[in-house]
Amino acid sequence: MNDPLQDDAGRVPGVIGDRIAGALLLVLAVGAWWLSHDLESGFMQPIGPGEYPRLISLPLAGLSLLLILRPGVNQRWPGRAALLRQALTLLVLASFAGLVKPLGFLPVSLVTVVLLVRLFGAAWKPALVSGAVLALALYALFEFALGIPLPDMPGLDG
């Protein structure tokens, strides 16, 4: 018969994992709130682009505080492969945020979606198709349906 304590040997308990995740998410929420004040809206716009990050950061901060103060009982800390995949996902998303303005929405979105889909195990062809479809659909949604301008590729903003 297996001893359940032996199966978890060398693993971080779920309570610690929840508190670490809660602290990181709280930092993300505060950063999103703070940086959203730099987003400018057009003249006489009732709602600017900074409203969405502020709207998301409030429940994110509340839920992250909940994770810190009342952690759940997770079964296991993720293994190395899962932690690496999570770290790479954060790196890809942070790169998107940093590169979308200088390089434009379409190419950065395409690369971001392709890399994220690959991280979840898809082959290259479906990842490229998904990236192209999602990047074009999001561009059309924001530019044409919602009227929110997105950064253009360098040289095309004439």
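The notes below deal with the structure included here. Bear in mind the structure is a predicted one, so any value in this text is a computation, not a measurement.

The rules behind each value
Residues numbered from 1 in each chain as written. Predicted model: local features only at pLDDT ≥ 70, side-chain atom pairs only at ≥ 80, totals over all residues. Heavy atoms only, no water. Helix = DSSP H or I, 4+ residues; strand = E, 2+ residues; numbered from the N terminus. Buried < 20%, exposed > 50% of the residue type's maximum accessible area, 1.4 Å probe, protein only. Contact = heavy atoms within 4.5 Å. Areas by Shrake-Rupley, 256 points an atom, 1.4 Å probe, with all protein chains shown as cover. Expected span 1.5 Å × (residues − 1). Bend = angle between axes of the 7 residues up to and from the residue. Polar contact = N/O pair within 3.5 Å; in protein donor to acceptor, adjacent residues only side chain to side chain. Phe/Tyr/Trp six-rings, centres within 6.5 Å; stacked < 30°, edge-to-face > 60°. Patch = residues over 30% accessible without salt bridge, like charges linked within 9 Å, V, L, I, M, F, W, Y side chains within 5 Å. Salt bridge = Lys/Arg side-chain N within 4 Å of Asp/Glu carboxyl O.

**Structural notes on the overall build of the protein chain**
Then, in step 1: Scanning the protein chain from terminus to terminus reveals six helices and zero strands.
Then, in step 2: Along the protein chain, from the amino end to the carboxyl end, the secondary structure elements read α-α-α-α-α-α.
Then, in step 3: When burial is assessed residue by residue, the protein chain has 18% of its 158 residues classed as buried.
Then, in step 4: Contacts in the protein chain between residues at least 24 apart in sequence constitute 60% of all its contacts with a sequence separation of at least 6.
Then, in step 5: Per element, the accessible surface of the protein chain, about 11600 Å² overall, is 71% carbon and sulfur.

**Comments concerning helix H4 (residues 80–103)**
Then, in step 1: Here H4 is 24 residues long and its end C-alpha atoms lie 33 Å apart, about the 34 Å a rise of 1.5 Å per residue gives.
Then, in step 2: At Ala 97, H4 shows its maximal bend, which comes to roughly 30°.
Then, in step 3: Listed as buried for H4 are Thr 89, Val 92 and Val 100.
Then, in step 4: Check the buried side of H4 and you find it contacts helix H5 (105–119).
Then, in step 5: At the C-terminal side of H4, Gly 104 shows a positive phi close to 100°.

**What about the side chain of Ser 36?**
Then, in step 1: Along the chain, Ser 36 falls in helix H2 (residues 14–36).
Then, in step 2: With a relative accessible area of 2%, Ser 36 lands in the buried category.
Then, in step 3: Polar side-chain contacts of Ser 36 include one of 2.7 Å to the backbone oxygen of Trp 33.
Then, in step 4: Residues in contact with Ser 36, not counting those within four places in the same chain, are Gly 50, Pro 53 and Arg 54.

**Details of the packing of aromatic side chains**
Then, in step 1: Taken as a whole and assessed by the stated rule, the structure comprises three aromatic pairs.
Then, in step 2: One aromatic cluster is present, built from ring pairs that chain together Phe 96, Phe 105, Tyr 139 and Phe 144.

**Looking at a nonpolar patch on the surface**
Then, in step 1: A contiguous nonpolar patch, built from Ile 16, Ile 20 and Leu 24 and spanning about 270 Å² of accessible area, is present on the exposed surface.
Then, in step 2: Along the polypeptide, Ile 20 turns up in helix H2.
Then, in step 3: Residue Ile 20 is classed as partly exposed on the basis of its relative accessible area of 39%.

**Focus: H5**
Then, in step 1: Over its 15 residues, H5 extends 21 Å from the first C-alpha to the last, a length consistent with the 21 Å expected when each residue adds 1.5 Å.
Then, in step 2: For H5, the full list of buried residues reads Phe 105, Val 108, Ser 109, Thr 112, Val 113, Val 114 and Leu 116.
Then, in step 3: On its buried side, H5 packs onto H4 and helix H6 (124–145).
Then, in step 4: Phi for Gly 121, located one or two positions after H5, is positive at around 100°.

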